[in-house]
Amino acid sequence: MAPQVVLITGCSAGIGLATAVCLAAEKQHEFKVYATMRNLGSKGKLEAAAGSSLNKTLFIRELDVTKQDTISSVVDEILRENGRIDVLVNNAGFSGVDAIDKRSIEWCQSLMDTNYWGVVRCTRAVLPPMKKQKSGRILNVSSVSGILGTPFYATYASSKFAVEGFSESIAAVLRDGYNIRVSIVEPGPVVTDLMTNLVTNLEEHAAGFNDDKLKEMYLAQAKNMQPIVDMVAQSTNEIAKLHLEIILSENPHLRYQTSPAMTKMVADKLKDPTTDALLDALKQYGS
């Protein structure tokens, strides 16, 4: 039986790297993984982690989710070599503190272009072959911040809310019309270089705040949240294993939270249609 052909974005580090390595090394079910990243100059960490899978079941390619020509080039190559694409994992993205009006509109648009429009571009690129073969899996890596708007991360949360809405809207149509299954993956804190930077350089991130009250509120929240983040943070390998489970599931869910703690957070919001409790989120931090 031919291996499942997988395209993953954002594989230079973090969840994308772990997922690519996990699938490429899987023995019970064969995968041929195209692990992509915006800049091939950043491929060293993935090459080292891939080990013996490199250029056998794991192939590294350059793909920038904000540039359609790079997406089309990789998708065309995959189709020439394999005739199909079975799985797309939309993982590429970035985050940053914005404190409502700290960042420029250009920065906000750049984040949205990667985190949301990148998902849309890549999804559109794989849909023609998936529709033709009447099968496919699309995993969109969102965040619990796509359900719960995290204070001081307004643009990041907005990008993930957009991914959630897009995924939810297309899921039933693609399932019922073409046997293509869409799943949303909602991690909380994950131990990556990105998270480490966000939680260890608090004063640096607060330096550009345009008023003292915002800075005070941000630092209070961040410092008080740190013990909670440390307690619930997951490894990238845990997320990668969940991705494998979703891909292999005969009837995957629309949404997956990646830990019981994240499931509880989402459930607590959704059980109250007013979601008024979210407005009290900052009170415990003395703001």
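Criteria and thresholds
- Residues numbered from 1 in each chain as written.
- Predicted model: local features only at pLDDT ≥ 70, side-chain atom pairs only at ≥ 80, totals over all residues.
- Heavy atoms only, no water.
- Helix = DSSP H or I, 4+ residues; strand = E, 2+ residues; numbered from the N terminus.
- Buried < 20%, exposed > 50% of the residue type's maximum accessible area, 1.4 Å probe, protein only.
- Contact = heavy atoms within 4.5 Å.
- Areas by Shrake-Rupley, 256 points an atom, 1.4 Å probe, with all protein chains shown as cover.
- Lys, Arg positive; Asp, Glu negative; His and termini not counted.
- Charge placed at Lys NZ, Arg CZ, Asp CG, Glu CD.
- UniProt positions renumbered as here; feature names shortened; annotations may be inferred.
- Pairing = 2+ DSSP bridges.
- Right-handed = clockwise from strand over helix to strand, strands pointing away.
- Expected span 1.5 Å × (residues − 1).
- Salt bridge = Lys/Arg side-chain N within 4 Å of Asp/Glu carboxyl O.
- Core = buried A, V, L, I, M, F, W, Y, C linked by side-chain atoms within 4.5 Å.

Scanning the protein chain from terminus to terminus reveals 10 helices and 7 strands. Sorting the 287 residues of the protein chain into buried and exposed places 49% on the buried side. Long-range pairs, those at least 24 residues apart, make up 73% of the contacts in the protein chain with a sequence separation of at least 6. Of the roughly 14,000 Å² that the protein chain leaves accessible, carbon and sulfur atoms contribute 53%. Charge centroids of the protein chain, computed over 30 positive and 32 negative side chains, lie 5 Å from each other.

Here we come to the UniProt feature "signal peptide" (unreviewed entry) in the protein chain. The sites that carry the UniProt feature "signal peptide" (unreviewed entry) are, in the present numbering, residues 1-20. In the segment residues 1-20, helix accounts for 35% and strand for 25%; the C-alpha atoms at its two ends are 20 Å apart.

With that out of the way, let us pick up the pairing of strand β4 (residues 87-90). As a general feature of sheets, a regular strand has side chains that alternate between the two faces. Burial of the side chains of β4 extends over both faces: Val87 and Val89 are buried on one face and Leu88 and Asn90 on the other. By the bridge criterion, 3 bridges tie strand β1 (residues 4-8) to β4 in an arrangement that is parallel. Residue pairing across strands places Val6 opposite Val87, the latter belonging to β4. Direction of pairing for β4 relative to strand β5 (residues 136-141): parallel, over a ladder of 4 bridges. Within β5, the position partnered with Val87 by the bridge is Arg137. In this fold, the crossover linking β4 to β5 by way of helix α4 (residues 105-133) has right-handed handedness.

Moving on, we get to the environment of Leu46. For Leu46, the location among the structural elements is in helix α2 (residues 44-50). For the pair Leu46 and Trp117, spaced 71 residues apart in sequence, the C-alpha separation works out to 25 Å. Setting aside its immediate chain neighbours within four residues, Leu46 contacts Cys11, Leu17, Ala20, Val21, Ala35, Met37, Leu58 and Ile60.

In this model helix α1 (residues 14-25) runs 17 Å from its N-terminal to its C-terminal C-alpha over 12 residues, within 8% of the 16 Å that 1.5 Å per residue would give. Here α1 lies mainly inside the structure; 9 of its 12 residues are buried. Those residues of α1 not exposed but buried are Ile15, Gly16, Leu17, Ala18, Thr19, Ala20, Cys22, Leu23 and Ala24.

On to the side chain of Lys160. In this structure, Lys160 sits in helix α5 (residues 154-178). Among all residues touching Lys160, those that are not within four sequence positions of it are Asn115, Val141, Ser142, Ser143, Ser145 and Gly146.

What follows deals with the pattern of salt bridges. Applying the stated criterion across every chain, the model contains 12 salt bridges. With its nearest N and O atoms 2.5 Å apart, the salt bridge here joins Asp113 to Arg121. The class of Asp113 is partly exposed, set by a relative accessible area of 23%.

Bringing the pairing of β5 into the picture now. For β5, the buried fraction is high: 6 of the 6 residues fall into the buried class. Here β5 shows a buried face lined by Gly136, Ile138 and Asn140 and a second buried face lined by Arg137, Leu139 and Val141. Across 6 bridges, β5 lies against strand β6 (residues 180-186) in parallel orientation. By the bridge assignment, Ile138 is partnered in β6 with Val182. For the segment spanning β5, α5 and β6, crossover handedness is right-handed.

One finds Leu7, Val126 and Ile138 to be the most contacted residues of the largest nonpolar core, which totals 29 residues. Contributions of two or more residues to this core are made by β1, α3 (68-82), α4, α5 and β6. With 8 residues, the single largest contributor to this core is α4. Dropping the residues within four chain positions of it, Leu7 is found in contact with Tyr34, Thr36, Leu63, Val74, Val75, Ile78, Val87, Leu88, Val89 and Val126.

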